[in-house]
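Reading the structure
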Amino acid sequence: MQQTDTARARLRDLILDGAYAPGQRLTETEVALSLAMSRTPVREAFQALVADGLVHSAGRGVRVVALDAESLRHAYQVRAALEALTAELAAVRQAEGRIAPADLAELVRDADRTEEATLAGRLTEAVGHNRRFHRRIAELAANPVALASLDRLWDQILVSTRASLDPPHRPAQVNAQHRDLLAAVTEGRARDAAEAARRHVLDTCDARARAR
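In this report, we go over the structure that sits alongside the text. None of these values were measured; they are calculated from a predicted model. (Residues numbered from 1 in each chain as written. Predicted model: local features only at pLDDT ≥ 70, side-chain atom pairs only at ≥ 80, totals over all residues. Heavy atoms only, no water.)

Looking at the pairing of strand S2 (residues 55-58)
Successive side chains on a regular strand alternate, one facing one side of the sheet and the next facing the other. In this structure, S2 lies alongside strand S3 (residues 61-64), joined through four bridges in antiparallel fashion. Counted as the bridge partner of His56 is Arg63 from S3. Where S2 folds back onto S3 in an antiparallel hairpin, the turn is made up of two residues, including Gly59, whose phi is positive at roughly 65°. (Pairing = 2+ DSSP bridges. Helix = DSSP H or I, 4+ residues; strand = E, 2+ residues; numbered from the N terminus.)

A short note on the environment of Val78
You can see Val78 is positioned in helix H4 (residues 69-95). Take Val78: its relative accessible area is 43%, and that puts it in the partly exposed class. Taking the C-alpha atoms as reference, Val78 lies 9.9 Å from Arg198; in sequence the two are 120 residues apart. (Buried < 20%, exposed > 50% of the residue type's maximum accessible area, 1.4 Å probe, protein only.)

Structural notes on the pattern of salt bridges
The full count for this structure, using the stated rule, is 21 salt bridges. Through salt bridges with shared partners, a single network forms among Arg12, Arg131, Arg135, Glu139, Asp151 and Asp155. (Salt bridge = Lys/Arg side-chain N within 4 Å of Asp/Glu carboxyl O.)

A word on unusual backbone geometry
Across residues other than glycine, the phi torsion is negative in most instances, and most of the peptide bonds are trans. You will see that Ala36, though not glycine, has its phi angle at about 55°, which is positive. One can find Ala36 in the loop between helix H2 (28-35) and helix H3 (39-52).

What follows is the structure, given as structure tokens:
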């Protein structure tokens, strides 16, 4: 099981980092060779990644997920609904005094790092900080089902859009929306937090569609 977990984690990182392109077919033999492992843990890792939605079965191997425009739009729509939910739940927990100040401070730092990396043009770094910002809000919501669902969607969206990664066409708007969302969560305004999260994700979807 340990080797399977290791193979799964390494494969996931390689896919998310773009080492394997969307739609690329992977075989047990080539991946086992590249990871210096036997085929058995690789085969089991393939099965786990199919369940995660990062790859699809393709004969004797798998193919890396590649969402088309319509599927990507659907993924963003579901992500918007889930992020609205987690932002609302996080704001409710904050209003009830159930979030530690240190956790909120980390959320602020994530927003700061995202803005700094974006404005400096460090796009890969910005993507990482942006995901940590949104994921931390989901963690503060304390709903593990929503968090797991978001992780799956974020992975699929990242893999499907990494090849077209370019400077955001609306950096000021993105950063302002992050600040609005941050303020709503920090001040415990649940309805405002939900709306800010939903609007931000759908605006991101629209901007990406226009850029395609």
